[in-house]
Number of protein chains: 2
Amino acid sequence: MGEQIRVAIVEDDLEIRTHLAMLLENEPEITCKNLFHTVKTALASLNPDTVDVILLDISLPGTSGIEGIPLFREKLPDTEIIMLTIHQQDQFVFEALCAGASGFLTKFTPSNRIISAIKEVHNGGAPMSTKIARMVVSSFRKRTNPNLSKREKEVLNELCDGKSYKMVADALNISRDTVRSHIRNIYKKLEVNSKSEAVAKALKNRLV
Amino acid sequence: MGEQIRVAIVEDDLEIRTHLAMLLENEPEITCKNLFHTVKTALASLNPDTVDVILLDISLPGTSGIEGIPLFREKLPDTEIIMLTIHQQDQFVFEALCAGASGFLTKFTPSNRIISAIKEVHNGGAPMSTKIARMVVSSFRKRTNPNLSKREKEVLNELCDGKSYKMVADALNISRDTVRSHIRNIYKKLEVNSKSEAVAKALKNRLV
DNA sequence: CCACAAACCGCACAATTATGTGATTGTCGG
DNA sequence: CCGACAATCACATAATTGTGCGGTTTGTGG
């Protein structure tokens, strides 16, 4: 498996771009011949047979890096994307993840870490800084601030499966009026006034 | 700053427990004096002033590791929890994350990696294997399988904010009957038949 | 040019939901 | 013992929603 990992760089800053390219070309297991300064030119030139990993600046003139992700993923579905960021607690991290990025590097990452990140992402990993990893992991945490009672949590859970009053009543073996009563109390505690609002709030805030 | 990181181990297998403890005691920056074989005994003995990081077996007799996480987090809110797993693609990874775990180690992780993981989690990171990192990152990916039209996506988005037909209509500057028409089509494509069911499906499957 | 989808609008009727106002029972801590 | 709260159930009424049926207009691609 002497195959080199083919890396492309999409970065508008000439200095950073060429510096990264030289760095990567010096690594025997990596080749980096495709350099672009916009998403548009990159999309026009790249195809699935010529690139394994893209280093993509998160903020680019014209089509931004974030906006570019789905475009790359459509044309190059098997290519991994690593975002280049300046500030690592970037608000765009989650947007990039949702769009399909698999890793993050800051532009000031030491070169050996850049190399290892590229190998890691090509190997099915998700390289990122410790801070970003924690952000990502923390975003899963359930918060159960509104003191819902046990039964109320059960009812809310059923609602989050999209069930009607009647179906919840059957699932919990109580009357529909009781379900309504619980739901009323849930609405008060969550400060909402409809089922879909309650479901939205519960799922978005990970109450269930 | 010469403070050692105080680690506790909750693991029912005596051999693994003592092996880990010896390993950690040999590391100058770490101390590991608190060993337990159940969640219950650990909870009874530990308090916030005596432990920084807990290594917690994911499957324990009695109260499982997963069930133990919220208990530890309640009593020891500032203590970081690293789960010990055997199979890393464990279905329990996401449960553990939701419950509040910050890292994952397999019991066969090389010792230097165990040490670095403990330091990493104590430093605000989230140590985990490349496979788990990718699982976690991939779980953010938006999938937009049901070919919703642009407008339908917009409507679904508004619904996921908990809005009523009227509010959606106002937000998008169209009539309420048009909103209903779009919603009808969304229901067909998502194979649901109520607003809360659509919201639940959209949020759970990351369609929005 | 024609088919088709997307986006728009309307009406009618039934079902579900939201809200108000009750009530009973049991548990728990002060 | 009492107050607070969880959990249960009931009835009534108005609002919202779900669904069937019917349209027009616009843009896109074969």
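First, a word on what this report is: a plain description of the structure on this page. A quick note: this is a predicted structure, and the numbers were derived from the prediction, not measured.

What counts as what
- Residues numbered from 1 in each chain as written.
- Chains lettered and ligands numbered in written order.
- Predicted model: local features only at pLDDT ≥ 70, side-chain atom pairs only at ≥ 80, totals over all residues.
- Heavy atoms only, no water.
- Helix = DSSP H or I, 4+ residues; strand = E, 2+ residues; numbered from the N terminus.
- Rg over C-alpha atoms; globule rule 2.2 N^0.38 Å.
- Buried < 20%, exposed > 50% of the residue type's maximum accessible area, 1.4 Å probe, protein only.
- Contact = heavy atoms within 4.5 Å.
- Pairing = 2+ DSSP bridges.
- Axes fitted to C-alpha atoms, helices over the stretch in contact; angles between N-to-C directions.
- Buried area = accessible area lost by both parts, 1.4 Å probe.
- Salt bridge = Lys/Arg side-chain N within 4 Å of Asp/Glu carboxyl O.
- Phe/Tyr/Trp six-rings, centres within 6.5 Å; stacked < 30°, edge-to-face > 60°.
- Least-squares fit on C-alpha atoms with pLDDT ≥ 70 in both.
- Near = heavy atom within 4 Å.
- Polar contact = N/O pair within 3.5 Å; in protein donor to acceptor, adjacent residues only side chain to side chain.
- Nonpolar A, V, L, I, M, F, W, Y, C, P; charged D, E, K, R; others polar.
- Core = buried A, V, L, I, M, F, W, Y, C linked by side-chain atoms within 4.5 Å.

The next point concerns the overall build of chain A. Per the secondary structure count, chain A includes 10 helices and 5 strands. Taken over the C-alpha trace, chain A has a radius of gyration of 23 Å; the compact-globule value for 208 residues is 17 Å, which it surpasses by more than 25%. By principal-axis analysis of the C-alpha atoms, chain A measures approximately 70 × 35 × 30 Å. Put simply, chain A has 208 residues, and 50% of those count as buried. Restricting to contacts in chain A with at least 6 residues of sequence separation, those with at least 24 account for 63%.

Turning to the sheet that holds strand S2 (residues 30-36) of chain A, a few remarks are in order. Residues and elements named next belong to chain A. Strand order in this open sheet of 5 strands is S2-S1-S3-S4-S5, and the pairing throughout is parallel. The open sheet has two edge strands, S2 and strand S5 (103-106), and neither has a second partner. The sheet shows a mean angle of 25 degrees between the axes of neighbouring strands, direction not considered. Where strand S1 (residues 5-10) and S2 come together, 5 bridges link them in parallel fashion. Residue pairing for S2: Ile9 is matched across the bridge by Leu35. Against the sheet, helix H1 (residues 14-25) contacts S1, S2, strand S3 (53-57) and strand S4 (80-85), and its axis sits at roughly 160 degrees relative to S2.

Our next topic: the interface of chain B and chain A. Interface size, as often reported, equals the accessible area lost upon joining of the parts. Across the contact, 36 residues belong to chain B and 36 residues belong to chain A. Both faces considered, chain B and chain A share a buried interface measuring about 3,000 Å² in area, 59% of it formed by carbon and sulfur atoms. At the junction of chain B with chain A, the criterion picks out 4 salt bridges. With its nearest N and O atoms 2.9 Å apart, the salt bridge here joins Lys204(B) to Asp161(A). Mapped by element, the contributors of at least two residues to the side of chain B that touches chain A are helix H4 (92-99), helix H5 (111-122), helix H6 (130-138) and helix H10 (195-204) of chain B. By residue number, the principal contributor to the side of chain B that touches chain A is H10(B), which donates 7 residues.

This next bit is on the packing of aromatic side chains. Per the stated rule, a full pass over the model turns up 3 aromatic pairs over all chains. Where Phe140(A) meets Phe94(B), the ring centres are 5.5 Å apart and the plane angle is 45 degrees; that geometry is what we call tilted. Residue Phe140(A) is located in the loop between helix H6 (130-138) and helix H7 (150-159), and its partner Phe94(B) is located in helix H4; the two belong to separate chains. Residue classification places Phe94(B) among the partly exposed positions, given a relative accessible area of 26%. For the ring pair Phe140(A) and Phe140(B), a centre distance of 5.9 Å and an interplane angle of 75 degrees mean the geometry is edge-to-face.

Turning next to H6(A). Residues of H6(A) that are buried include every one of Ile132(A), Ala133(A), Arg134(A), Val136(A) and Val137(A), and no others. Looking at the buried side of H6(A), the elements it contacts are helix H4 (92-99) and S5 of chain A together with strand S4 (80-85), H4, H5 and H6 of chain B.

Turning our attention to the relation of the copies chain B and chain A. You can overlay chain B on chain A at an RMSD of 0.2 Å; the transform is a turn of 180 degrees with a shift of 0.1 Å along its axis. Those values place the two copies in the arrangement expected of a two-fold rotation axis. Judged by C-alpha distance, Ser196(B) is the residue of chain B that lies nearest the rotation axis, at 2.2 Å. Comparing contact sets, 100% of the residues at the interface of chain B also lie at the interface in chain A, consistent with an isologous, same-surface contact.

This part takes up the sheet that holds strand S1 (residues 5-10) of chain B. All names here are of chain B. Pairing is parallel across the open sheet formed by 5 strands, whose spatial order is S2-S1-S3-S4-S5. Of all strands in the sheet, those bounded by a partner on one side alone are strand S2 (30-36) and strand S5 (103-106). Strand-to-strand twist in this sheet, taken as the mean axis angle between neighbours without regard to direction, amounts to 25 degrees. Docked against the sheet, helix H3 (residues 65-75) engages S1, strand S3 (53-57) and S4, running at close to 170 degrees with respect to S4.

A few words now on the protein's contact with DNA strand D. As a structural note, the neighbourhood of DNA strand D is formed by 21 residues, with Ser149(A), Ser175(A), His182(A), Tyr165(B) and Lys195(B) the closest of them. Of what DNA strand D places within 4 Å of the protein, 58% of the atoms are sugar or phosphate. One of the side-chain N or O atoms of Arg184(B) is found 3.0 Å from a base nitrogen in DNA strand D. The separation between a phosphate oxygen of DNA strand D and a polar side-chain atom of Tyr187(B) is 2.8 Å.

Turning our eyes to something else, we now look at the protein's contact with DNA strand C. Around DNA strand C, the structure places 19 residues, and the nearest of them are Tyr165(A), Lys195(A), Ser149(B), Arg151(B) and Ser175(B). Side-chain polar atom of Arg184(B) to a base oxygen of DNA strand C: 3.4 Å apart, as the coordinates give it. Listing elements by their share of the surface near DNA strand C, those giving two or more residues are helix H9 (176-190) of chain A together with helix H7 (150-159) and helix H9 (176-190) of chain B. Top element by residues in the surface near DNA strand C is H9(B). It accounts for 6 residues. Across the surface near DNA strand C, the residue classes break down as 3 nonpolar, 8 polar and 8 charged.

A separate point is the pattern of salt bridges. Inspection of every chain in the model, using the stated rule, returns 30 salt bridges over all chains. Residues Asp177(B) and Arg180(B) are paired through a salt bridge, measuring 3.1 Å at the closest nitrogen-oxygen approach. Taken as a pair, Asp177(B) and Arg180(B) lie in helix H9 at a separation of 3 residues, close to a single helical turn. Salt bridges sharing common partners tie together Glu11(A), Asp57(A) and Lys107(A).

Grouped together as the largest cluster of nonpolar side chains are 62 residues, with contacts concentrated most on Leu56(A), Phe72(A), Leu56(B) and Phe72(B). If we ignore the near neighbours within four places in the chain, the residues touching Phe72(B) are Val10(B), Val39(B), Ala42(B), Leu43(B), Leu46(B), Ile54(B), Leu56(B), Pro77(B) and Ile81(B). One finds Ala198(A), Val199(A), Ala200(A) and Leu190(B) within the second-largest nonpolar core, a separate group that totals 40 residues.

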